[in-house]
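These are the residues of each chain, in order.
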There are 2 protein chains.
Amino acid sequence: MPIRPLAAFFRAARQSRPTASTAYLSHIRYYSSPAKFRAPFTYPSITKFAMAAITDSDILARFGALNLGAAPAVITHEPVKGGAEWRAELDKVGQTGVALTKTLLFKPKTAKTAEPTPVLVLAKEDTETSSGLIGSLLQLKELRLASEDLIKQVIPSAASKDDVSAFALPSPVPSTIFLLLDSTLASSTEQYAVHLTASSSTVLLKGTDIKAYLESISSPEAVRVVDFAELKAAAPAPAAKAAPAAKKAPAAAAPAKKDEDLYEMAIQYKKNEDFSGWYTDVLIKGEMLDYYDISGCYILRPSSYNIWQAIQTFFDAEIKKTGVNDCYFPMFVSRARLEKEKDHIEGFAPEVAWVTRAGQSELEEHIAIRPTSETVMYPYYAKWIKSHRDLPLKLNQWNSVVRWEFKNPQPFLRTREFLWQEGHTAFLEKHEADEEVLVMLELYRQIYENLLAVPVIKGKKSENEKFAGADYTTTVEGFIPTTGRGIQGGTSHHLGQNFSKMFDITVEDPKADAAARASGKDTKVHVFQNSWGFSTRSIGVAVMTHGDDQGLVLPPKVALQQVVVVPVGLSKGEGKNAPIYDACAKLAAELSAAGIRAHADLREGYTPGWKFNDWEMRGVPLRLELGPRDIAAKSALAVRRYDNHKESYPLEDIVNVVNKSLEDIQAAMYTRALENFNKSVRKTLVWDDVVPTLDSKCAIVIPWCEDPQCEDDIKDRSKSQANAGEAEDSKAPSAGAKSLCIPFDQDRFGPFPEGEKQQCIQCGKKAKSWTLFGRSY
Amino acid sequence: MPIRPLAAFFRAARQSRPTASTAYLSHIRYYSSPAKFRAPFTYPSITKFAMAAITDSDILARFGALNLGAAPAVITHEPVKGGAEWRAELDKVGQTGVALTKTLLFKPKTAKTAEPTPVLVLAKEDTETSSGLIGSLLQLKELRLASEDLIKQVIPSAASKDDVSAFALPSPVPSTIFLLLDSTLASSTEQYAVHLTASSSTVLLKGTDIKAYLESISSPEAVRVVDFAELKAAAPAPAAKAAPAAKKAPAAAAPAKKDEDLYEMAIQYKKNEDFSGWYTDVLIKGEMLDYYDISGCYILRPSSYNIWQAIQTFFDAEIKKTGVNDCYFPMFVSRARLEKEKDHIEGFAPEVAWVTRAGQSELEEHIAIRPTSETVMYPYYAKWIKSHRDLPLKLNQWNSVVRWEFKNPQPFLRTREFLWQEGHTAFLEKHEADEEVLVMLELYRQIYENLLAVPVIKGKKSENEKFAGADYTTTVEGFIPTTGRGIQGGTSHHLGQNFSKMFDITVEDPKADAAARASGKDTKVHVFQNSWGFSTRSIGVAVMTHGDDQGLVLPPKVALQQVVVVPVGLSKGEGKNAPIYDACAKLAAELSAAGIRAHADLREGYTPGWKFNDWEMRGVPLRLELGPRDIAAKSALAVRRYDNHKESYPLEDIVNVVNKSLEDIQAAMYTRALENFNKSVRKTLVWDDVVPTLDSKCAIVIPWCEDPQCEDDIKDRSKSQANAGEAEDSKAPSAGAKSLCIPFDQDRFGPFPEGEKQQCIQCGKKAKSWTLFGRSY
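Residues numbered from 1 in each chain as written. Chains lettered and ligands numbered in written order. Predicted model: local features only at pLDDT ≥ 70, side-chain atom pairs only at ≥ 80, totals over all residues. Heavy atoms only, no water.

The name that an unreviewed UniProt entry assigns to chain A is proline--tRNA ligase, with the source organism given as Apiotrichum porosum. Check the Catalytic activity (unreviewed entry) section of the UniProt entry for chain A; it says "tRNA(Pro) + L-proline + ATP = L-prolyl-tRNA(Pro) + AMP + diphosphate". Annotation of chain A in UniProt includes, under Sequence similarities (unreviewed entry), the sentence "Belongs to the class-II aminoacyl-tRNA synthetase family." (UniProt positions renumbered as here; feature names shortened; annotations may be inferred.)

A.B. asks: I'd love a proper account of the overall build of chain A, names of residues and values included.
C.D. replies: Helix and strand counts for chain A come out as 27 helices and 31 strands. Here chain A, with 777 residues, has 59% of them falling under the buried criterion. Within chain A, counting contacts between residues at least 6 apart in sequence, those at least 24 apart form 70% of the total. (Helix = DSSP H or I, 4+ residues; strand = E, 2+ residues; numbered from the N terminus. Buried < 20%, exposed > 50% of the residue type's maximum accessible area, 1.4 Å probe, protein only. Contact = heavy atoms within 4.5 Å.)

A.B. asks: Tell me about the relation of the copies chain A and chain B, and name the residues and values.
C.D. replies: Superposing chain A onto chain B requires a rotation of 180° together with a translation of 0.0 Å along the rotation axis, leaving an RMSD of 0.5 Å. In the structure described here, the two chain copies are related by an operation that fits a two-fold rotation axis. No C-alpha of chain A lies nearer the rotation axis than that of A:Val355, which sits 2.3 Å from it. (Least-squares fit on C-alpha atoms with pLDDT ≥ 70 in both.)

A.B. asks: Residues and numbers for the interface of chain A and chain B, please.
C.D. replies: Between chain A and chain B, the contact holds 81 residues from the first and 83 residues from the second. When the two sides are added together, the surface that chain A and chain B hide from each other amounts to roughly 7500 Å², 58% of it contributed by carbon and sulfur. In this structure, A:Asp293 engages B:Arg337 in a salt bridge whose closest nitrogen and oxygen atoms are separated by 3.7 Å. Counting the contacts that link chain A with chain B gives 30 residue pairs in polar contact (both at pLDDT 80 or more). Here the residues of the side of chain A that touches chain B sort into 48 nonpolar, twelve polar and 21 charged. As defined by bridge partners, strand β13 (residues 353-358) of chain A adjoins strand β13 (residues 353-358) of chain B across five bridges and the pair is classed as antiparallel. (Buried area = accessible area lost by both parts, 1.4 Å probe. Salt bridge = Lys/Arg side-chain N within 4 Å of Asp/Glu carboxyl O. Polar contact = N/O pair within 3.5 Å; in protein donor to acceptor, adjacent residues only side chain to side chain. Nonpolar A, V, L, I, M, F, W, Y, C, P; charged D, E, K, R; others polar. Pairing = 2+ DSSP bridges.)

A.B. asks: Lay out unusual backbone geometry with the relevant residues and their values.
C.D. replies: All names here are of chain A. Of note, the bond from serine 171 into proline 172 is cis; its omega dihedral lies within 30 degrees of zero at 0°. With respect to the element layout, proline 172 can be found in the loop between α7 (148-154) and β5 (178-182). Of note, the amide linkage connecting leucine 391 to proline 392 takes the cis form, showing an omega dihedral of -10°. Not every positive phi belongs to a glycine, and glutamate 287 is a case in point at roughly 60°. Looking at where glutamate 287 falls in the secondary structure, it is placed in the loop between α12 (275-285) and β9 (289-291). A residue is classified by how much of its surface remains accessible, and glutamate 287, at 26% relative accessible area, is partly exposed. At asparagine 644, a residue that is not glycine, the phi angle is positive and equals roughly 65°.

A.B. asks: Go over the sheet that holds strand β25 (residues 622-626) of chain A, please, and point to the residues and values.
C.D. replies: Residues and elements named next belong to chain A. The mixed open sheet is built from five strands, whose spatial order is β24-β23-β25-β26-β27. Each of the sheet's edge strands pairs with one partner strand only, and the pair in question is β24 (598-600) and β27 (646-650). The mean inter-strand angle of the sheet, taken between neighbouring strand axes irrespective of direction, is 25°. Pairing of β25 with strand β26 (residues 635-640), which is carried by four bridges, proceeds in the antiparallel orientation. The residue bridging arginine 623 from the neighbouring strand is valine 639, located in β26. The strands touched by helix α21 (residues 578-593) within the sheet are β23 (563-567), β24 and β25, with β23 carrying the most contacts at an inclination of about 170°. (Axes fitted to C-alpha atoms, helices over the stretch in contact; angles between N-to-C directions.)

A.B. asks: Got a sec to walk through the packing of aromatic side chains? Specific residues and values, please.
C.D. replies: A ring pair, where both rings are aromatic, is described by two values, the distance of the centres and the angle of the planes. Throughout the structure, instances matching the rule amount to 52 aromatic pairs over all chains. Between A:Phe749 and A:Trp770, the aromatic rings sit 6.3 Å apart at their centres with planes inclined by 50°, giving tilted as the arrangement. Taken together, the positions of A:Phe749 in the loop between β30 (738-743) and β31 (769-774) and A:Trp770 in strand β31 put the pair 21 residues apart, joining distant regions of the chain. With relative accessibility at 7%, the residue A:Phe749 sits in the buried group. Through a chain of ring-to-ring contacts, the aromatic side chains of A:Tyr292, B:Phe329, B:Tyr378, B:Tyr380, B:Tyr381, B:Trp384, B:Phe499 and B:Phe503 assemble into a single cluster. The ring centre of B:Trp384 lies 3.8 Å from the NZ or CZ of A:Arg301, which sits over that ring. (Phe/Tyr/Trp six-rings, centres within 6.5 Å; stacked < 30°, edge-to-face > 60°. Lys NZ or Arg CZ within 6 Å of the ring centre and 35° of its normal.)

A.B. asks: An account of the pairing of strand β16 (residues 417-427) of chain B is requested, with residue identities and associated values reported.
C.D. replies: The buried count for β16(B) comes to eleven of eleven residues, which makes it a mostly enclosed element. Covered by surrounding structure in β16(B) are B:Glu417, B:Leu419, B:Gln421, B:Gly423, B:Thr425 and B:Phe427 together with B:Phe418, B:Trp420, B:Glu422, B:His424 and B:Ala426, the residues of both alternating faces.

A.B. asks: Tell me about the sheet that holds strand β12 (residues 332-334) of chain B, residues and numbers included.
C.D. replies: The six strands are arranged β12(A)-β14(A)-β13(A)-β13(B)-β14(B)-β12(B) in an open sheet whose pairing can be described as antiparallel. Here the strands that pair on one side only, and so sit at the sheet edges, are β12 (332-334) of chain A together with β12 of chain B. Here the average twist between neighbouring strands, direction ignored, is 45°. Where β12(A) and strand β14 (residues 361-369) of chain A come together, three bridges link them in antiparallel fashion. Among the inter-strand pairings, A:Ser334 is bridged to a residue of β14(A), identified as A:Ile367.

Next up, the structure:
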């Protein structure tokens, strides 16, 4: 089988590590998963599982003993995570169109002292195997995907959950393990791909042979053949859908309960299957944020706050170069001030939070918490700007604003309090303001593309979508391919003289001549204003863009931890591992001294596998594994988070190599995201293609007339009928498309096919521009 | 007369500048003060004032013509600002004990088109000459110290307000000028010091001769001799005190009114005379903050926010080195959470702001805005800390908190919303927490002493003064010599297990042996916690420490602008000054490129003198003046803000010289503040000295028993009786003393005089420590 030689070398090196040896079990025995460390406990029958890992040869030998026919060919390939990668690897070696299987190991909630009763499910890839339904069937509570530790107890050869294989179960299979086999698989004589001991080896077997194998290593009674379709149909309605456990967490999250089982290890949702469950799960397990006991408010934990600080550091330095100064206005706005400008406040009024009481006193005048700061700041602009010599006035604030939305909150994207910066500038000349609008927009693009590795498109908002107080709004628009929805990334508005007229922000025109002044003419001019804002929503966009089924994937430039050093190849016995721990600490210190945010994970009592999983969930860009062999070879095994690529790094040049690697990762993450982004933006020239293209989770670029009424019509006409009646967020996939922006770079989409005669594809009027439309957040 | 040769050189150079020439008047005519640029106007009779400046010789000639006796001797010295410097200069030349005068030029509020009616007051130095009283007397509205521009119109020889001299008035004095002479001066035959044309020349004259001179240049009727003491006595009670105009500003500050006269140029109060008026005046005119239309809330303008950012940059980097991570918790707290710990909340409850409404909806549960974050954060500590391996947990937030105090607000010191950082850490071992308490306290000391140039004393709070939730509180204590009040600068608390017991933050004791665990013993331990906080109050302390009668004085390390470059020696005529402006811009650019925060003030229409004053009020540490002579000599005249020292800097090495100068200024400001601080801390060994020492605006260090009851007794017993019945803030000078801290450095005060037998000077019990007591903020 064709495999890349280097990868084979590393895989071999990796496999030779004692990841499943009893060395690790000594830890597992006492600590299992960290959530359970709190109480001392041992599993009474843990030794049942603690046997030597079996090998591919063992499996083939067992299979041969069944006399079912010729020994199956073993296909070796790159390790895979999930069906898409597996299929791709099989494609590479000419095995196209193979039917895949999935093997899942669940653990129900049990008393701490009770023996674990894991559930192994082997099913066709596309069979719906809801943990809720399985739990009901087996009368087990709160089934969750098993932790890495439990996986290793049950299947010692498995290095990670991707290696879970029913074929690698010990024989006889302990009676405490529930073994479930998909009935459609069990009865099929088609061939299905299954792994042997690792996700890097595949054999093709008939469904009936799979059943025979499983029965041979346990007993025919022990293999429960389950018709999942029937199970689903029979289930009561509320259980028909996999319970979104992570989404329920806020209510249950009263921390005082110390319910350690609440957040299980490992991400419970697939990004492609339940995006919304996946999103909150990776955020919480990756320790980006935590729920809070006030709906719509979230705790920004260090991992996410560090991203915000990285954005602040970059942006603040850049705007200061342009003469912007930072300031801080109070969070409170008097009612009179807030309501001074009725039109402006109308948009915010339904969401304003009001302070009406202090201590025991009712306030005479109720006080608002700022939803934005125009009406807070501009009266002072009128006061401070006395002469054209006080211009330009360029102020920025880093603060939080409150918009008490009653819609379904979503971490980072729709929260009642959020952090942002708001810049407010005033100029004598319109052209100065126009220029600055684009300077700030370009900085926003740089934050997304250079820091967050998220591609965006710069453009102008349509009349319908611009900020109501602005002459025009520019935007950086992102797109989440997984959901097929566009997202506004940051906006830079030219306010014209709209606010300066409201707030009477004027200067004497320095160009007015003495004669005009002397004649008593009004030579005042209103200043031109901009405002531009960028919020923590950007963090959510980055998570959605890069995260995968293992958890967060953070771009190196903004990651709180860029590198984690994990000791591996540990031995049992007091003090034996000290040299490895020392080497890890030294390596982390060397990297830290060079300005790399590195950390050595020297926690005792966790297996390397558990640590790998932990740091993968947190999205740390680069893991360095250091064990006795690495130390002897003066190298470390480096594993990149974003593509799981493994490579040996020489320790003697480690700082340079790691720096280079982090740069590569940053660049490659952007490139990968850009490819996905570009694939998701489709030029669409006839109306009939619009809905199908949107339904295929793409944004469309169409020749458009820029007419507001036409935009409304597009929105109505592009709604899918399929999911009418569902709740807003579920409905989103079928929502109408709105304009995301009119891209500045029109050339990117080439000339109109019809040239000057190009019609808007919706209304047939003359098209003015290629415009990006899509469903959106 | 002995003068320093170098200084003389510069003075000569300075005097040769055409600061009062008609070159500047060309600007004055059109622009007057910037506050008035808004409307084009000319004073109808401006030409009355716009005459050539007179010289010292002119004055002496006029005096000689009066035939009052021998011509007075002219004493030349360094230019002086205010009485203290003047007295010091006279002392230098042997003229000790001379009675001084003061000459003030006021301007009433008049319609823009009306002719200005300035009021010149010449009085004995210590005569109370309230602008309010003078205004009532003359029936003029809102008297303010005149702007530099008006001064130059009235007295063309005056380069700044320090040079205002009645002797330099033109003759005849225009009838629009009110001339007021202190009656106690007019009738005295004692000799008084007066300036001639500048603050660098003094003559000694009898009071009666002064009167004769003034009458000779105007007319006997025109000189109004005023008995200020009688005027004060006759005034109605509310007017008996100089109206604290700046303090009234908030009410009047509705910016929409565009009342340009509201904030006049130049600081209206003397730091030593009306500290409270001075403090708000320098803050507003120095553009540190502005009042807001919600009482107790202030706008932090760039100058102050930059100080906060400098503090953030330093402190954040330092705490991260110790393993602290930043995070952000929501600003809202549910009622249940807030009130969970009754004892803790009791202290804050009367000041909590409550949100009860969002948009049009009444909230079912009212939501508090955090007054501090213990009850917000610690429930999550209980959740996140699952094992000793999760310790230490070290989090910090940069946020704002709200305490709706009903006491008289004071900018930075007592505000309803303020910015701070709050660190919250948890440890397994008490000794780790104890160590960290001091690490953070040391960082607080460094912020004060190294960044803000403010000396502090590190120590422990008494039982009465510690944070209620803490086992002990450590503090950095500052002291404001001008008011004689101590101020708590930042606190670092060891919370012991108080909160971990409330919130059940526990881990399994890693030292508990297996036997203990197996036997079912409770082997949980509660974590040890610290919290430490530092707020924007520190900015107020720095202003109070360094500011002077000219305005702010900012330490270079935190100043938004470190250097201002001002073009001088300008000529009239289009384009003539371009080379000077270019040289200034180039100089500022060169400094900026080297990382110095420099700015060239190239605003047209302001005189150099006006700019000097403007930047002095803002406290810019170093001014570089650049004119044709300087450019020719390849040098710039440098003027240090903090001591007004002038020196020529070579342009060819300007970056190094300026960097060195900024370092020197930073160090010298600290040294000067330390000297004042040390002078204000008096070892006091008998009770009878306590009140007199406090009354002399000092803190006391006494041998103390550390008994809480004794502290209460000290507080009661040390109150002065003098000012009973006054409002709280005015009363402060006579308030009782509380303990500020028990300094860690006990050696600083030497051994107790009585050694082991030393008694507490209040109660006579055995003294435990030298303790710092004082009146305080």
